[in-house]
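Residues per chain are reported as follows:
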Amino acid sequence: DPDAALDVQGDILEDAPADVSEEEILEDADEEDVESEGELPVEPTADRVLFIGNSYTAVNTLHVIVSDLLVEAGHEGYTLDVTPGGYRLDQHADDADGSSGDTRLRDLLVTGEEAALGWDVVVLQQQSQVAGFPRTEPTWIAMQEGATTLRDLAMDAGADTVIFMTWGYRDGDGMNPTLYPDYPTMQDRLSDGYTDLASRLSTGGEPVFIAPAGESYRSISLEGDTTLFEGLYATDGSHPSIRGSYLAACTIFATITGTSPVGMTSGPTEIDATERLSIQETAAAVVFATDAPENWTR
């Protein structure tokens, strides 16, 4: 079985009647207001967001791009990230639960002033290959265990957990050519893996959400414009270009706020208004598709 033994490595880089008194009118209005307000949807709070990942999150300072979108939408938009190169969720879990001592992540999520203030959302980004591995692989098992620890610590800090679904490599993965021979196959496996992980983490507890950035990449791939698709990647065919990071940011914004990024003006200066709108529309179409899973939005 070619999937039984895999070469697992880090990221490549890493809207009154006249005889009714005014008092009665006001009383009725108050009662109606209470009833109608109870029917209004409540927009989830996304004032404080902590990103936990590796170079996929660090490149192009993704958390800052998301922060700018959040601020424009009226949230506080306070974001921080912890992103050592090539890091996996089990390694982050060791850093957060005290196994590795007094780390920056433990300070931010558990013991320090930022932890005491609490978080609204904790975004988890796994190493770029592991989510698509067979469920019996030690690295996949370790990912689930690490993500479970991080989910529990996020809940203790008052946060919802959001899994950052990453994308397949542009040309597949040469380290795992049987498992990931090309982009579509790799994206299929990664999407299935992240979906499975979120389901397992949601069992018997609070829901765990998915920001489907990888599916936003797939949407552009399916348009058939090779230049446009390849433009989402850095030269290594793995990490995101500034356009790829903006697509991921718009997807994450849509997931954690439940609102569309379409028409927003925030974005990297390297992306003009026309392209910015196109990227926003792609992210919104994916996250808010009629057949999208419920856990793609908070």
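In what follows, the structure referred to is the one given above.
Residues numbered from 1 in each chain as written. Predicted model: local features only at pLDDT ≥ 70, side-chain atom pairs only at ≥ 80, totals over all residues. Heavy atoms only, no water.

Enquirer: Hey, could you go over the pairing of strand E4 (residues 160-164) for me, with residue numbers and the actual values?
Expert: Where burial is concerned, most of E4 is hidden: 4 out of the 5 residues are buried. Sheet analysis places strand E3 (residues 121-124) next to E4, joined by 4 bridges and oriented parallel. Bridge assignment links Val123 to a residue of E4, and that residue is Val162. Tracing the backbone out of E3, into helix H7 (residues 138-156) and back to the parallel element E4 gives a crossover that is right-handed. As defined by bridge partners, E4 adjoins strand E5 (residues 209-211) across 3 bridges and the pair is classed as parallel. (Buried < 20%, exposed > 50% of the residue type's maximum accessible area, 1.4 Å probe, protein only. Helix = DSSP H or I, 4+ residues; strand = E, 2+ residues; numbered from the N terminus. Pairing = 2+ DSSP bridges. Right-handed = clockwise from strand over helix to strand, strands pointing away.)

Enquirer: Explain unusual backbone geometry residue by residue, including any values.
Expert: The backbone of Asn60 shows a phi angle near 65°, a positive value even though the residue is not glycine. Mapped onto the elements of the fold, Asn60 is located in the loop between helix H2 (55-58) and helix H3 (62-72). The exposure class assigned to Asn60 is partly exposed, which follows from its relative accessible area of 28%. For Thr61, which is not glycine, the phi torsion reads 45° and is therefore positive. Following the sequence through the fold, Thr61 ends up in the loop between H2 and H3.

Enquirer: Just give me the short version of the side chain of His63, but keep the residues and values in it.
Expert: Looking at the element boundaries, His63 is found in helix H3. Apart from the residues within four sequence positions on either side, His63 is in contact with Phe51, Thr79, Leu80 and Asp81. (Contact = heavy atoms within 4.5 Å.)

Enquirer: Tell me what's going on with the packing of helix H4 (residues 89-96) against H7, and back it up with residues and numbers.
Expert: As a packed pair, H4 and H7 sit with axes 7 Å apart at the nearest point and diverge in direction by 40°. Between H4 and H7, the interaxial angle falls into the category oblique. As H4 runs across H7, the sense of the crossing is left-handed. Contacts between H4 and H7 involve Leu89, Asp90, His92, Ala93 and Ala96 from the former and Ala142, Met143, Gly146, Ala147, Thr149, Leu150 and Leu153 from the latter. A breakdown of the residues in the contact of H4 with H7 according to their chemical character gives 8 nonpolar, 3 polar and 1 charged. (Axes fitted to C-alpha atoms, helices over the stretch in contact; angles between N-to-C directions. Parallel < 35°, antiparallel > 145°, perpendicular 65-115°, else oblique. Left-handed = near helix turned anticlockwise from the far one by under 90°. Nonpolar A, V, L, I, M, F, W, Y, C, P; charged D, E, K, R; others polar.)

Enquirer: Before we move on, can you summarise the packing of aromatic side chains with the specific residues and values?
Expert: Here the structure, examined in full by the defined rule, presents 8 aromatic pairs. Seen from their ring centres, Trp167 and Tyr217 are 4.4 Å apart, and the 5° between their planes marks the pair as stacked. Of this pair, Trp167 sits in the loop between E4 and helix H8 (183-202) while Tyr217 sits in helix H9 (residues 213-222), and the two are 50 residues apart along the sequence. An identical accessibility class is assigned to Trp167 and Tyr217; each is buried. An aromatic cluster is present here, built from Tyr56, Phe164, Trp167, Tyr183, Tyr217, Phe229 and Tyr233 joined pairwise through their rings. Looking at Arg48, its charged tip hangs above the ring of Trp119, at a distance of 4.4 Å from the centre. (Phe/Tyr/Trp six-rings, centres within 6.5 Å; stacked < 30°, edge-to-face > 60°. Lys NZ or Arg CZ within 6 Å of the ring centre and 35° of its normal.)

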